[in-house]
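Summary of the model geometry
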Amino acid sequence: MALYVQKFGGTSVGSVERIKAVAEKVKGFRDNGHQVVVVVSAMSGETNRLIGMANEINDEPTPREMDMLVSTGEQVTISLLAMALHKLGVPATSYTGSQVGILTDSAHTKARIQRIETDEMREDLDEGKVVVVAGFQGVDEEGNITTLGRGGSDTTGVALAAALGADECQIYTDVDGVYTTDPRVCSKAQRLDTITVEEMLELASLGSKVLQIRAVEFAGKYNVALRVLSSFEDGPGTLIVADSDQDEDSMEEPLISGIAFTANEAKLTLLNTPDVPGVASRILGPIADANIEIDMIVQNVAPAGDYTDFTFTVAKGDYKQTMKILQEQVIPDLGGGELRGDDNIAKVSLVGVGMRSHAGVASKFFRVLADENINIRMVSTSEIKISVVIDEKHMELAVKALHKAFGLDKSDIESE
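- Where an unreviewed UniProt entry is consulted, the protein appears under the name Aspartokinase, with the organism given as Halomonas campaniensis.
- One UniProt comment on the protein, placed under Sequence similarities (unreviewed entry), says "Belongs to the aspartokinase family."
- Looking at the protein in UniProt, the text filed under Catalytic activity (unreviewed entry) is "L-aspartate + ATP = 4-phospho-L-aspartate + ADP".

As structure tokens, this is what we get:
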């Protein structure tokens, strides 16, 4: 007998019929003698509907009341799923985050889990019940309902698996695993059988939307076995493991797991800034104070005492506000400088633990882009990642060319 924590996203529970299908899937695991805790999101589109109504009433609602409102979406789903299980003869009890004892800090709309009470869940499991828990939410020490941020149901699932010592946390979604890249852009993308936590963290941070990055961090920190599966078809999915299980022979070839990309980037450049200590802090400090996250940074080398160019990227949604901060605060503080911006860019990234043990990956990466006449605006690297900023119009071409060049195309794999 194993203990599984199964998380079903909004599309998986998007209608009454789909909730019934989830109940059938859960019943199958229980019939095989396993204990099951189910974490569910709100029905697809429900959270956006609630946010829309809030904005019609008040375009600046308080975070506490927003948490009170949007947490109701999951409450609907847990009760409907428990009813569906009862109809199938499966004993089940539904719990909101506060009822089950998911205790968080008080940062409304972006709370972090501090601890989870497990006694009541274990009692239910020992009695043969399925425990159905509302994802995305918890409660602070003062009894206020909190939410974990968009995609927070993934984090709920992994956190419960860690607290309960589950054999596996299964994330059911509308895709059947983690792919080498987005199949909607590259039709030859292939599903990965396994991927390391480190690689998945990179892919999640670079634009892959399969899993919330906090959930992957949680899995890595508490050594939770995490698997991504499809709600709509059977299959092994993708297992996210702590370390690469590649043997020495397989490491003779570069191990590239995937290509991530995003057009949600904007680039800003301050020309002719003084090349003296402290300038970077004076540029980025006011931006950080506005809670805007910086991604890639490039500063040109300049002769001593001369001027330099400082370039960085932010999310496209923060572009206008960042431009305003630079114009109104930073440039006056620096005593001048010319500002340029571009929000028609994209970031394309190659990810793989094999980069650690193989030279030549970067040179091949750049050669492929050069062969397609794609100009590189910025470059950032780590041990297992290479990221470049390019013109947005070249994004799909770059992804397809790199996917083929590094042997990730499905036809290439099948012919080996």
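**Quick look at the overall build of the protein**
- The secondary structure content of the protein amounts to 14 helices and 18 strands.
- Compactness check: the protein gives a C-alpha radius of gyration of 24 Å against a globular reference of 22 Å for 416 residues, within 12% of the reference.
- Counting only C-alpha atoms, the protein reaches 75 × 60 × 30 Å along its principal axes.
- Of all 416 residues assigned to the protein, the portion counted as buried reaches 49%.
- Accessible area of the protein: about 19,500 Å², with a carbon and sulfur share of 46%.

**Thoughts on the nonpolar core**
- Ranked by size, the top nonpolar core spans 41 residues in total, and within it Val 5 and Val 37 carry the most contacts.
- Here this core gets 5 residues from one element, more than from any other, and that element is helix α7 (residues 152-164).

**Points about the pattern of salt bridges**
- According to the stated counting rule, one finds 18 salt bridges in the structure shown.
- Among the ionic pairs, Lys 7 bridges to Asp 154, the shortest N-O distance being 2.9 Å. Pair noted here: Lys 7 is in strand β1 (residues 3-8) and Asp 154 is in helix α7, with a separation of 147 residues, a long-range link. Judged on exposure class, the residue Lys 7 and its partner Asp 154 are both buried.

**Some details on a negative patch on the surface**
- A contiguous patch of negative charge on the surface is contributed by Asp 119, Glu 120, Glu 123 and Asp 126.
- Note that Asp 119 resides in helix α6 (residues 119-126).
- According to the relative accessible area criterion, Asp 119 is exposed, its value standing at 57%.

**Comments concerning the packing of helix α12 (residues 361-371) against helix α13 (residues 395-405)**
- Their axes nearest at 10 Å, the elements α12 and α13 cross at an angle of 130°. Overall, the two elements α12 and α13 adopt an arrangement that is oblique. As for how α12 packs across α13, the hand of that crossing is right-handed. Facing Lys 364, Phe 365, Val 368 and Leu 369 of α12, the residues of α13 in contact are Ala 398, Ala 401, Leu 402 and Ala 405.
- Considered class by class, the residues forming the contact of α12 with α13 number 7 nonpolar, no polar and 1 charged.

What counts and how
- Residues numbered from 1 in each chain as written.
- Predicted model: local features only at pLDDT ≥ 70, side-chain atom pairs only at ≥ 80, totals over all residues.
- Heavy atoms only, no water.
- UniProt positions renumbered as here; feature names shortened; annotations may be inferred.
- Helix = DSSP H or I, 4+ residues; strand = E, 2+ residues; numbered from the N terminus.
- Rg over C-alpha atoms; globule rule 2.2 N^0.38 Å.
- Buried < 20%, exposed > 50% of the residue type's maximum accessible area, 1.4 Å probe, protein only.
- Areas by Shrake-Rupley, 256 points an atom, 1.4 Å probe, with all protein chains shown as cover.
- Core = buried A, V, L, I, M, F, W, Y, C linked by side-chain atoms within 4.5 Å.
- Salt bridge = Lys/Arg side-chain N within 4 Å of Asp/Glu carboxyl O.
- Patch = residues over 30% accessible without salt bridge, like charges linked within 9 Å, V, L, I, M, F, W, Y side chains within 5 Å.
- Lys, Arg positive; Asp, Glu negative; His and termini not counted.
- Charge placed at Lys NZ, Arg CZ, Asp CG, Glu CD.
- Axes fitted to C-alpha atoms, helices over the stretch in contact; angles between N-to-C directions.
- Parallel < 35°, antiparallel > 145°, perpendicular 65-115°, else oblique.
- Left-handed = near helix turned anticlockwise from the far one by under 90°.
- Contact = heavy atoms within 4.5 Å.
- Nonpolar A, V, L, I, M, F, W, Y, C, P; charged D, E, K, R; others polar.

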